[in-house]
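# Overview (structure and organization)
Below, each chain spelled out in residue letters.
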Amino acid sequence: MLKNKKFYLIFTIAIVIVVFALFYFNNPTSQEELKVKAFYPEAEEIRLVKDISDDMFISLNFPGVKRAYEVDGQMKAYVVSCVGYNGPIDVLVAIDDEKDELIGIEILNHEESLDYAEHIEEDWFLERFKNIVIDKYLNLVVLDKENPEDIVQVTGATISSQAVVNAVNTAIGAYQYKTNNIEMEKVADVVPQEMWQKDTNSFAINCGEESTRIDIEKIKEYEQVEMDVVLINTTGTETDMKVKGPTLRHVLEAEGKDLSDYEGIGITGRDGYYTMVDKEKLEANDVILVWQVNGKDLKEEEKPVRIAIPNELGPYWVKMVSNIDLYSEISPKDIDKVHIFEPLVEDIEPYYYEYYGSKDKSIEVGQILREFDVVDEKGFFTMAASDGLIKNETISLVRQRYFIKVEGENAPMNIAPNFKLGMNVKEMTHFSTTKDAVIFPEKMAGVVRTKNINGNEALLLEDVLLTAGMRWKDNNHFVAVSRDDSNREISIEEMLNYHIVEDGEQVNLYHDKDEIMKDLLRIEKK
């Protein structure tokens, strides 16, 4: 009998422990307290303050404050919220009250889509909020941290980054008021609408000074196309979808325009992403203005329409279209110089661009353009990848905050503040304006004919020039120029006997098996 009582006692205690543990670890507040404790491992007491938002000044000026924690009697950990792209982002902010600086933050919950905000939870982003003196609010910047309070945004996730900064600023304002009796400026609990041009109901088709705005309801009135398509991003992911919407050609016909009259179109999303589609691609493909995917209307973050171009890769499939520009004139390409990248940019100071947690050597495109004799603003900037992707941009776009990443994963690769991972031209073989092309020999080797010369991989010069976009006539000839300005003429008849070989940090020119020029700088068409 005694043994039974002892058994039941032990069994009851075990049940109580299990129930308590389940309650504790499934109680959000308890889990939250553990996260607070992680920021203050030496703390003896942590107490939840639920009624902080009852304070009139807090509720009016810092509506994003949800609750706070006293740590050993001092209120210095705050749970704050700000509405980002899709919904609220909840952030735990830990403050050192002795130094009046941030210890760090943790993202507790968010509703942002993975396409735009999966990286706000990465350690490399959260590290940016450590050890910052909080005598002023944080400031979101695009590229460079110039001041202690600057926070560099997550590339391609401006709205989500701003929401996190707003949330942290809310905690700073509440802390300064409660702890130091300092009244700082009001902080909104939602990212301002004007910051991201939130027109989810319509987009504009522009041609010169003329502009036509089309809303979601009107887009459904045009002749519709329903098609099974596959979206292929440059990361290699494939997404099957059934799309519905009119083609751009049908929409323009209804508006009295003919797509064939234009040399190309430029498509811009509300997030600032841009791509150009040239005449050749327009003639080969339908541009579908998608308003329904797999039988369901687009999600709010993809409205008013998204682009589907069935035979092109993901970088052309722009979401949340805000503008479609029709280009009546695009200067044709007539490449007369093909440059080797490394010697071309040797005098340009590199920028170490932090892109999704990796800080790599990059070269600003605007500075590269200054190396060319002529840059036609009516032409376009073309980038080609080893996987066959060719992408065009306007010259005006690439002049500003546009870089070629030359180190790290997928280099050479184009990057910019509004470029999301997977929308890049990675492992670039070359890029060009209307008159100049620049090649990366190590990547070009994968798309041209090669042969072995003295144990080295040699690239057929004719293939290199043709792939880079140079064209010629029977009366043309070529001049190879080295970095020391020596040169050598090359005839069309002899072209097939010339190869280039990358040797360490330089490229050398070969005729048959003989090295005839070291440190090649460029090839010119005459």
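It should be noted that the structure appears before, not after, this text.
Residues numbered from 1 in each chain as written. Predicted model: local features only at pLDDT ≥ 70, side-chain atom pairs only at ≥ 80, totals over all residues. Heavy atoms only, no water.

### Topic: the overall build of the protein
In terms of helices and strands, the protein carries 14 helices and 35 strands. Relative to its full complement of 526 residues, the protein shows a buried share of 53%. Partitioning the intrachain contacts of the protein with sequence separation of at least 6 by distance along the chain shows that 60% fall at a separation of at least 24. Here the protein has roughly 25100 Å² of accessible surface; of this, 46% comes from carbon and sulfur atoms. Both charge centroids of the protein, one from 58 positive and one from 99 negative side chains, sit 4 Å from each other. (Helix = DSSP H or I, 4+ residues; strand = E, 2+ residues; numbered from the N terminus. Buried < 20%, exposed > 50% of the residue type's maximum accessible area, 1.4 Å probe, protein only. Contact = heavy atoms within 4.5 Å. Areas by Shrake-Rupley, 256 points an atom, 1.4 Å probe, with all protein chains shown as cover. Lys, Arg positive; Asp, Glu negative; His and termini not counted. Charge placed at Lys NZ, Arg CZ, Asp CG, Glu CD.)

### Some words on the side chain of N206
Tracing the backbone shows N206 in strand 8 (residues 202-207). A residue is classified by how much of its surface remains accessible, and N206, at 13% relative accessible area, is buried. At a separation of 3.0 Å, a polar atom in the side chain of N206 contacts the side chain of N323. Apart from the residues within four sequence positions on either side, N206 is in contact with S211, N323, I324, D325 and L326. (Polar contact = N/O pair within 3.5 Å; in protein donor to acceptor, adjacent residues only side chain to side chain.)

### Some remarks on the pairing of strand 3 (residues 74-83)
Looking along a regular strand, one sees the side chains alternate between the two faces of the sheet. Burial within strand 3 is extensive, with eight of its 10 residues counted as buried. Taken together, the six bridges between strand 2 (residues 65-71) and strand 3 define a ladder with antiparallel strand orientation. Bridging from a neighbouring strand, A68 pairs with Y78 of strand 3. Count of turn residues in the strand 2/strand 3 antiparallel hairpin: two residues, of which D72 carries a positive phi of about 50 degrees. Taken together, the seven bridges between strand 3 and strand 4 (residues 88-96) define a ladder with antiparallel strand orientation. What sits directly across from Y78, in strand 4, is V93. (Pairing = 2+ DSSP bridges.)

### A few points about the nonpolar core
By size, the foremost hydrophobic cluster in this structure holds 118 residues, and its most contacted members are Y78, F129, V168, I265, I324 and F431. The element best represented in this core is helix 6 (residues 158-180), accounting for 11 residues. With sequence-adjacent residues up to four places away left out, I265 is seen in contact with L248, L259, T275, M276, V277, L282, V287, I324, D325, L326 and Y327. (Core = buried A, V, L, I, M, F, W, Y, C linked by side-chain atoms within 4.5 Å.)

### A short note on the packing of aromatic side chains
For any pair of aromatic rings, the description consists of the separation of the ring centres together with the inter-plane angle of the planes. Counting across every chain of the model gives 14 aromatic pairs. Ring geometry for Y351 and Y353: centres 6.0 Å apart, planes at 80 degrees, overall edge-to-face. According to the relative accessible area criterion, Y353 is buried, its value standing at 1%. Each residue in the set F341, F381, Y402, F431 and F440 is aromatic and connected to the rest through ring pairs, giving one cluster. (Phe/Tyr/Trp six-rings, centres within 6.5 Å; stacked < 30°, edge-to-face > 60°.)

### Observations regarding unusual backbone geometry
The omega torsion of the bond from K303 to P304 falls at 5 degrees, within 30 degrees of zero and hence cis. Along the polypeptide, P304 turns up in the loop between strand 16 (296-297) and strand 17 (306-308). With an omega of -5 degrees, the peptide bond running from A411 to P412 counts as cis. Along the polypeptide, P412 turns up in the loop between strand 24 (403-405) and strand 25 (413-415). With a phi angle near 70 degrees, N410 is a residue other than glycine that sits in the positive phi range. Take N410: it is sitting in the loop between strand 24 and strand 25. Taking relative accessible area as the criterion, N410 reaches 24% and is therefore assigned partly exposed.

### Thoughts on the pairing of strand 28 (residues 450-453)
Where strand 28 lies against strand 29 (residues 456-460), four bridges are found, and the strand directions are antiparallel. Counterpart to K451 in the pairing with strand 29 is A458. Counting the residues between successive antiparallel strands, the hairpin from strand 28 to strand 29 contains two residues, one of them, N454, with a positive phi of roughly 55 degrees.

### So, the side chain of T433
Summarising the element assignment, T433 is placed in the loop between strand 26 (428-432) and strand 27 (436-439). Excluding residues within four positions of it along the chain, T433 makes contact with K333, I335, L369, F372, F380, F381 and I395.

### Some thoughts on the sheet that holds strand 20 (residues 351-355)
If you walk across this open sheet you meet the four strands as 20-21-24-25, and the pairing is antiparallel. This sheet does not close on itself; its edge strands, each paired only once, are strand 20 and strand 25. Across this sheet, the average inter-strand angle for adjacent strands is 45 degrees, counted without regard to direction. Both strand 24 and strand 25 contribute to a ladder of three bridges, which runs antiparallel. Bridge pairing in strand 25 links I404 to N414. (Axes fitted to C-alpha atoms, helices over the stretch in contact; angles between N-to-C directions.)

### Looking at the pattern of salt bridges
Evaluated as defined, the whole model comprises 30 salt bridges. Ionic pairing is found between D336 and K435, a salt bridge with its closest N-O pair at 3.4 Å. Linking D336 in the loop between strand 18 (321-327) and strand 19 (337-340) with K435 in the loop between strand 26 and strand 27, this pair joins segments that are 99 residues apart in sequence. One salt bridge in this structure joins R399 and E377, with 2.6 Å as the shortest N-O distance. Separated by 22 residues along the polypeptide, R399 in the loop between helix 12 (395-398) and strand 24 and E377 in the loop between helix 11 (365-369) and strand 22 (380-385) bring together distant segments of the chain. By relative accessible area, E377 is classed as partly exposed at 45%. (Salt bridge = Lys/Arg side-chain N within 4 Å of Asp/Glu carboxyl O.)

### Here we look at the sheet that holds strand 33 (residues 506-511)
The five strands lie next to each other as 28-29-32-33-34, forming an open sheet whose pairing is antiparallel. Each edge of the open sheet is held by one strand with a lone partner, namely strand 28 and strand 34 (514-517). Neighbour-to-neighbour, the strand axes of the sheet open up by a mean angle of 45 degrees, direction not taken into account.

Such coordinate-based values are descriptive only and should not be taken to indicate function.
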